[in-house]
Amino acid sequence: ERAYYALAGLGMGLSYTAISYLAQISVPLEEAGSAAVVGHFLSIVGGMLGLVLYQACLKSRLIINMDPIFKSNIFLSSFDVRTMDIAALEMSGGSLENYVPQMMHQIGEKLVESLHTTFILSVPFLGFALLMTVLYKHHRNPSS
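Residues numbered from 1 in each chain as written. Predicted model: local features only at pLDDT ≥ 70, side-chain atom pairs only at ≥ 80, totals over all residues. Heavy atoms only, no water.

(A) Inspection of the overall build of the protein at higher detail. For the protein, the count of helices and strands is 6 helices and 0 strands. Along the chain direction, N to C, the helices and strands of the protein fall in the order α-α-α-α-α-α. Expressed as a percentage of the 144 residues in the protein, the buried residues total 24%. Residue pairs in contact within the protein that sit at least 24 positions apart in sequence constitute 64% of those at least 6 positions apart. As displayed, the protein has an accessible area near 10,500 Å², and 69% of this comes from carbon and sulfur atoms. (Helix = DSSP H or I, 4+ residues; strand = E, 2+ residues; numbered from the N terminus. Buried < 20%, exposed > 50% of the residue type's maximum accessible area, 1.4 Å probe, protein only. Contact = heavy atoms within 4.5 Å. Areas by Shrake-Rupley, 256 points an atom, 1.4 Å probe, with all protein chains shown as cover.)

Written as structure tokens, this is what we have:
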């Protein structure tokens, strides 16, 4: 698991360098600094929007996958999955294990299924970004 996080962090770190480089070579030399800042700003805004979309997708998948489990158990039926925050669901994991240990495996499977679906939905966006990167052609202004 830690190797996955290290690989993801390495990829994200290298992408920031590529964004800055592409922004700088796409404009005249005297505008390169501004272009790098704008590229970095838009990268941050895009990351924020991506995070919001991932959370919305994950929340909807969790509701669809977990609602039947929570309704089927007397203790769990007191929780409303539709209004529960994702962080609250994660933090209640330890207390849920004390009350419903027989259902923890099923809850874990549904959580993994929700995460899997969320990440699969990101593949078209990643493919589009890769395609745009590969098809990018450098056109330098003759004045630079």
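(B) Geometry of the nonpolar core. Leu58, Leu62, Ile63, Met66, Ile69, Phe70, Leu76, Val81, Met84, Met103 and Ile107 form the largest nonpolar core, which has 11 residues in total. Considering every element that reaches this core, the biggest residue donor is helix 2 (residues 32–72), with 6 residues. Leave out the neighbours within four places in its chain, and valine 81 touches Lys59, Leu62, Ile63, Met66, Asp67 and Phe70. (Core = buried A, V, L, I, M, F, W, Y, C linked by side-chain atoms within 4.5 Å.)

(C) Spotlight on the side chain of serine 122. Inspection of the secondary structure assignment puts serine 122 in the loop between helix 5 (104–121) and helix 6 (123–135). According to the relative accessible area criterion, serine 122 is buried, its value standing at 7%. One polar contact links the side chain of serine 122 to the main-chain carbonyl oxygen of phenylalanine 119, over a distance of 2.6 Å. (Polar contact = N/O pair within 3.5 Å; in protein donor to acceptor, adjacent residues only side chain to side chain.)

(D) Broad picture of the pattern of salt bridges. As enumerated under the stated definition, the model contains 2 salt bridges in all. Put simply, aspartate 67 and lysine 71 hold a salt bridge, and the shortest N to O gap is 3.2 Å. With aspartate 67 and lysine 71 both in helix 2, this residue pair falls 4 residues apart, about one helical turn. A relative accessible area of 8% means that aspartate 67 is categorised as buried. (Salt bridge = Lys/Arg side-chain N within 4 Å of Asp/Glu carboxyl O.)

(E) Region of interest: the packing of helix 2 against helix 5. As a packed pair, helix 2 and helix 5 sit with axes 9 Å apart at the nearest point and diverge in direction by 150 degrees. Classified by the angle their axes make, helix 2 and helix 5 are roughly antiparallel. Relative to helix 5, the crossing made by helix 2 is right-handed. Across from Tyr54, Cys57, Leu58, Arg61, Leu62, Asn65, Met66 and Ile69 in helix 2, the residues of helix 5 making contact are Gln106, Ile107, Lys110, Leu111, Glu113, Ser114, Leu115, Thr117, Thr118, Phe119 and Leu121. (Axes fitted to C-alpha atoms, helices over the stretch in contact; angles between N-to-C directions. Parallel < 35°, antiparallel > 145°, perpendicular 65-115°, else oblique. Left-handed = near helix turned anticlockwise from the far one by under 90°.)

(F) Broad picture of the side chain of serine 114. Residue position: serine 114 is located in helix 5. Within the structure, the side chain of serine 114 is placed 2.8 Å from the side chain of asparagine 65, a separation counted as a polar contact. With residues up to four places along the chain from it excluded, the contact list for serine 114 reads Leu58, Arg61, Leu62 and Asn65.

(G) Structural context of the packing of helix 5 against helix 6. For the pair helix 5 and helix 6, the least separation of the axes is 4 Å and the interaxial angle reads 30 degrees. Between helix 5 and helix 6, the angle is such that the two are roughly parallel. Where helix 5 approaches helix 6, its residues Phe119, Ile120 and Leu121 are matched on the opposing element by Val123, Pro124 and Phe125. Looking at the contact of helix 5 with helix 6 residue by residue, the class counts come to 6 nonpolar, no polar and no charged. (Nonpolar A, V, L, I, M, F, W, Y, C, P; charged D, E, K, R; others polar.)

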